[in-house]
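Chain residues, written in single-letter form:
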Amino acid sequence: MDRTVVLITGCSSGIGLHLALRLASDPSRRFKDPCLLPEPPVYATLRDLRAQGPLREAAQSRGCPPGSLEMLQLDVRDADSVAAARARVTEGRVDVLVCNAGRGLLGPLEVQEAGAVGSVLDVNVAGTVRTLQAFLPDMKRRRSGRVLVTGSMGGLMGAWNGAGPAGGVGPGDSARGYSGLRAPPKASSPLEGLPFNAVYCASKFAIEGLCESLAVLLPPFGVHVSLIECGPVRTAFQEKLEGGPGGALDGADAETRDLFSRYQRHLERIFHEAAQDPEEVTEVFLAALRAPRPALRYFSTERFLPLVRMRLTDPSGRSYVAAMHRAVFAEEPAEESAADLGGPALGAPPAAPQ
């Protein structure tokens, strides 16, 4: 039998790095049928191979078996670079494609430079499209394949930045996948709806539409698409924002600068209270890899789902906008219940997947 071939984009740091290590170092190879051993390498791709040092050092320290990890240059902004990486996969195919490369942009929209805006959209949206265009045709021809795309709660609520490419396990949920957005969580948190992320969230909303469209089309070809929806994760994503944290704040008015300062305090609290470790997050990707019938969406955490539900129960958006504004810009953190956010009572058991 053929062996499963995995290729991951965006592996210089963060979730991509940790997922590549997790797959390459797992002696049981539990992410696939053990009868398919020995394994081919996990193909970990980076935009610039000069940045491979942390991944290579981590692979050595974790004792990844020789030949279990191969690093390839792949820049999602360049179709020729994507094609060249595909050609270097010695097995001649990719069974599992993880689209993880991403970039953030933070600050008032009106002062962000066109180049920074274009760069984020080029990596997050057009880059994902280029990668899919390179690998989907062969998957469809072979009538077999899985695509995992790193999403964000910011693509569901116009909200989260700082998650970066991520995924993870919700408390008590064992990385359960949800094909819809109706399953309520066990707990609530007024932690989303973050402003100053307009372009980043626009790119993640676009990814939601892209993946939903493909998820409807591809099952007859034996290809399944899953989004790994992420909250805050402790990675270097914030350090790699286009234009730095906050961008050109000097060009913003005084009131907007004040609101941004409140936002930064809110963001610090969120990371202190809710950020996940990348190792925890990679388990969601593995759950999607192992699932006999993959779901469209897997959530890294249940904390943020009440606000997703609120968007569905109040289509006008008034409740959501008001709740988010209070949560982010209140001088003192508000104590809001799950009912305030449209979710179930605290401690209520999770509903079955819909």
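Residues numbered from 1 in each chain as written. Predicted model: local features only at pLDDT ≥ 70, side-chain atom pairs only at ≥ 80, totals over all residues. Heavy atoms only, no water.

With that settled, the discussion passes to the pairing of strand E4 (residues 96-99). Of the two faces of E4, the one carrying Val 96 and Val 98 and the one carrying Leu 97 and Cys 99 are both buried. Where strand E1 (residues 6-8) lies against E4, three bridges are found, and the strand directions are parallel. When the bridges of E4 are listed, Leu 7 appears paired with Leu 97. Direction of pairing for E4 relative to strand E5 (residues 145-150): parallel, over a ladder of four bridges. Its bridge partner lying in E5, Val 96 is registered against Arg 146. Taken together, E4, helix H4 (residues 114-142) and E5 form a β-α-β motif whose crossover is right-handed. (Buried < 20%, exposed > 50% of the residue type's maximum accessible area, 1.4 Å probe, protein only. Helix = DSSP H or I, 4+ residues; strand = E, 2+ residues; numbered from the N terminus. Pairing = 2+ DSSP bridges. Right-handed = clockwise from strand over helix to strand, strands pointing away.)

For the coordinates displayed, the defined rule picks out three aromatic pairs. Measuring from centroid to centroid gives 5.0 Å for Phe 196 and Phe 260, while their planes differ by 90 degrees, and the two rings are edge-to-face. Placement of the pair is Phe 196 in the loop between strand E6 (177-178) and helix H6 (198-217) and Phe 260 in helix H7 (residues 254-274), with a sequence separation of 64 residues. You can call Phe 196 buried: its relative accessible area is 12%. For the pair Phe 260 and Tyr 263, a centre-to-centre distance of 5.7 Å together with 35 degrees between the ring planes defines the contact as tilted. In this pair, Phe 260 and Tyr 263 both sit in helix H7, three residues apart, roughly one turn of the helix. Using a relative accessible area of 1% as the deciding quantity, one classes Phe 260 as buried. (Phe/Tyr/Trp six-rings, centres within 6.5 Å; stacked < 30°, edge-to-face > 60°.)

Function cannot be inferred from these measures alone, as they are strictly geometric.
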